[in-house]
Amino acid sequence: MKVINSLKDNERTVFSFELLPPLKGNDASKIYEVIDSLLDFKPQYINITTHRDEMLYQEMPDGTIVKKIVRKRPGTVAIAASIQHKYGIPVVPHILCGGFSKSETEHVLIDLNFLGINNILALRGDGNKNDAVFRPDPEGHAHANELVQQIVNLRHGKYLDEDMKNRTPLDFCIGVAGYPEKHFEAPNPESDMEYLKQKVEAGADYIVTQMFFNNSTYYAFVERCRKAGITVPIVPGIKPIGLLNQLTVLPKIFRIDLPHELSTELAKCHTNEEAGIVGKEWAIQQARDLVAHNVPGLHFYTYGLLDNTRKILEAVF
Ligand code: FAD
């Protein structure tokens with residue numbers, strides 16, 4: 001089942017969520033526990049994030065500095081396939097430009113097709129932590145629109161090697177990211193919108209948004225997209241706050257604003273439990289309002305904070 005078909009069902013708002021692959025060295029049992037506990041709410045699809053190699057500098061006992069390349073969460077494709085086969089729920093692995101050549105990307109897409117996975121979220125990825133700006137792989141893509149184009153080419157059987165004889169078309173449903181508060185690198189919302197439109201014109205089927213905490217930001221974003229001629233479904237991303245430090249960590253990592261009312265309430269909290277209650281109530285109000293506005297889906301950034309997500313879903317669906 002392609003995600004776009006679920007999103008085009010105008011009868012109801014569908015529910016989906018996002019998981020991180022286990023940290024290297026861990027098994028998949030925690031992931032299955034999360035899915036088991038959310039099955040009652042009939043998730044229509046499950047996203048699996050991708051984490052590129054990171055460069056770390058380690059000081060050795062003799063004082064020299066050694067560069068280490070580490071991938072903390074490998075296994076996106078394998079865990080995605082395992083989930084889809086175990087639960088029969090479509091999975092959406094994230095495919096990144098950063099850290100991958102075009103040919104590595106093509107090989108992953110071929111693997112996904114063999115595994116029966118036909119949904120993808122196409123992203124640029126962030127820069128390496130030690131780089132001030134995003135640096136594409138020398139043989140890779142600089143922006144998500146180019147990655148979308150590569151995936152769309154496969155829909156027409158257009159592989160990188162044009163001399164290849166057998167060219168089975170690979171038909172993926174493609175999602176891309178949108179930023180209601182603007183992507184942090186974009187000089188202004190207008191240019192960010194132009195590039196978002198390019199991703200859709202390249203062939204993306206739908207947009208899923210970065211998390212936001214003020215629904216009016218999302219409604220205004222949808223309106224701007226429609227004015228710009230973007231007609232595909234735009235799925236809002238919801239992040240239930242569950243930890244005290246997220247008051248400062250979320251704006252720093254995701255470059256988003258927390259509304260004053262929410263940050264004031266969170267600032268009064270002394271424990272994660274108290275912050276979780278504030279975060280849950282906020283997310284319930286947000287989700288109810290979005291469902292009342294007939295949004296195509298609610299996409300939850302669960303990231304292990306399961307209890308909150310369950311309670312929010314119980315209150316909303
Ligand atoms: P792009 O669409 O390429 O945009 C990046 C910036 O470049 C924007 O400022 C845009 O305005 C500009 N731009 C776009 N196209 C062009 C162009 N052709 N020429 C010039 N400028 C252009 N990161 C991960 O590492 N792993 C994940 O699993 C992951 N999952 C995510 C899921 C969601 C729903 C979202 C919203 C983000 C996710 N990210 C993930 C983070 C994402 O990779 C970063 O936000 C990244 O900085 C931008 O990715 P993008 O696909 O939006 O890039």
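Just so it is clear, the model here is predicted, and its values are computed rather than measured. (Residues numbered from 1 in each chain as written. Predicted model: local features only at pLDDT ≥ 70, side-chain atom pairs only at ≥ 80, totals over all residues. Heavy atoms only, no water.)

Visitor: Could you give an account of the nonpolar core, naming the residues involved and the relevant values?
Guide: Counting 63 residues, the largest nonpolar core has Phe17, Leu19 and Ile83 as the members making the most contacts within it. Not counting residues up to four positions away in its chain, the partners in contact with Ile83 are Leu19, Ile31, Tyr32, Ile35, Ile46, Ile48, Gly88 and Val91. Counting 28 residues, the second-largest nonpolar core is a separate cluster that includes Val14, Leu258, Leu266 and Val278. (Core = buried A, V, L, I, M, F, W, Y, C linked by side-chain atoms within 4.5 Å. Buried < 20%, exposed > 50% of the residue type's maximum accessible area, 1.4 Å probe, protein only. Contact = heavy atoms within 4.5 Å.)

Visitor: I'd like a description of the pairing of strand E8 (residues 206-211), backed by residues and values.
Guide: By the criterion of burial, E8 is predominantly enclosed, with six of the six residues buried. For strand E7 (residues 173-178) and E8, the ladder comprises four bridges, and the chain directions are parallel. The residue bridging Gly178 from the neighbouring strand is Thr209, located in E8. Assessed by its sense of winding, the connection that carries the chain from E7 through helix H6 (residues 189-202) to E8 is right-handed. Two elements, E8 and strand E9 (residues 234-238), share three bridges in a ladder whose sense is parallel. Counted as the bridge partner of Ile207 is Ile234 from E9. (Helix = DSSP H or I, 4+ residues; strand = E, 2+ residues; numbered from the N terminus. Pairing = 2+ DSSP bridges. Right-handed = clockwise from strand over helix to strand, strands pointing away.)

Visitor: Talk me through the site of the ligand; I want residue IDs and the actual numbers.
Guide: Near the ligand there are 24 residues, and of these Thr50, Asp126, Tyr179, Asp192 and Lys199 occur at the shortest range. A distance of 2.8 Å separates a nitrogen atom of the ligand from a polar atom in the backbone of Thr50. Within the side chain of Asp192, a nitrogen or oxygen atom sits 2.6 Å from an oxygen atom of the ligand. Of the residues contributing to the shell around the ligand, the split by class is 10 nonpolar, nine polar and five charged. (Near = heavy atom within 4 Å. Polar contact = N/O pair within 3.5 Å; in protein donor to acceptor, adjacent residues only side chain to side chain. Nonpolar A, V, L, I, M, F, W, Y, C, P; charged D, E, K, R; others polar.)

Visitor: Which residues make up the sheet that holds strand E5 (residues 91-96), and what values go with them?
Guide: One closed barrel accounts for eight strands, arranged E1-E2-E5-E6-E7-E8-E9-E10; its pairing is parallel. Strand-to-strand, the axes of this sheet are offset by a mean angle of 30 degrees, without reference to chain direction. (Axes fitted to C-alpha atoms, helices over the stretch in contact; angles between N-to-C directions.)

Visitor: How would you explain unusual backbone geometry if you had to name every residue and give the values?
Guide: Positive phi values are uncommon outside glycine, yet Lys182 reaches one of about 80 degrees. The residue Lys182 is located in the loop between E7 and H6 in this model. Judged by its relative accessible area of 23%, Lys182 falls in the partly exposed class. Not every positive phi belongs to a glycine, and Arg255 is a case in point at roughly 55 degrees. Summarising the element assignment, Arg255 is placed in the loop between helix H8 (246-254) and helix H9 (260-267).

Visitor: Could you give an account of the packing of H6 against helix H7 (residues 215-227), with specific residues and numbers?
Guide: Two elements in contact, H6 and H7, have axes whose closest approach is 11 Å; the angle formed by their N-to-C orientations is 60 degrees. The angle between H6 and H7 falls in the class oblique. Between H6 and H7 lies a crossing whose hand is right-handed. In this structure, H6 uses Pro189, Met193 and Leu196 to contact H7, whose residues at the interface are Phe221, Arg224 and Cys225. Tallied by class, the residues present in the contact of H6 with H7 amount to five nonpolar, no polar and one charged. (Parallel < 35°, antiparallel > 145°, perpendicular 65-115°, else oblique. Left-handed = near helix turned anticlockwise from the far one by under 90°.)

Visitor: Can you explain the packing of aromatic side chains? Please cite residues and give values.
Guide: For any pair of aromatic rings, the description consists of the separation of the ring centres together with the inter-plane angle of the planes. All chains considered together, the criterion is met by six aromatic pairs. Arranged with centres 5.7 Å apart and planes meeting at 20 degrees, the rings of Phe15 and Phe17 form a pair that is stacked. Both residues of the pair, Phe15 and Phe17, count as buried. Centre to centre, the rings of Tyr218 and Tyr219 are 5.6 Å apart; their planes meet at 65 degrees, and the pair counts as edge-to-face. The class of Tyr219 is partly exposed, set by a relative accessible area of 23%. A connected cluster of aromatic rings, assembled from ring pairs, spans Phe15, Phe17, Phe300 and Phe317. Positioned above the aromatic ring of Tyr32 is the side chain of Lys86, whose terminal nitrogen or guanidinium carbon lies 4.9 Å from the ring centre. (Phe/Tyr/Trp six-rings, centres within 6.5 Å; stacked < 30°, edge-to-face > 60°. Lys NZ or Arg CZ within 6 Å of the ring centre and 35° of its normal.)

Visitor: Requested: an account of H6, with residues and values cited.
Guide: Between its first and last C-alpha atoms H6 spans 20 Å; for 14 residues at 1.5 Å apiece the expected length is 20 Å, and the two agree. Listing the buried residues of H6 in full gives Ser191, Asp192, Met193, Leu196, Lys199, Val200 and Ala202. The secondary structure elements touched by the buried residues of H6 are helix H5 (144-155), E7, E8 and H7. Within two residues after H6, Gly203 carries a phi angle of roughly 135 degrees, on the positive side. (Expected span 1.5 Å × (residues − 1).)

Visitor: Explain the pairing of strand E1 (residues 14-19) residue by residue, including any values.
Guide: Within E1, six of the six residues are buried, leaving the element largely enclosed by the surrounding structure. Where burial is concerned, the two faces of E1 agree: the one with Val14, Ser16 and Glu18 and the one with Phe15, Phe17 and Leu19 are both buried. Both E1 and strand E10 (residues 297-301) contribute to a ladder of five bridges, which runs parallel. Of the residues in E10, the one forming a bridge with Val14 is Gly297. Bridge count for E1 against strand E2 (residues 45-48) is four bridges, and the pairing is parallel.

Functional significance is not addressed by these values, which are geometric in nature.
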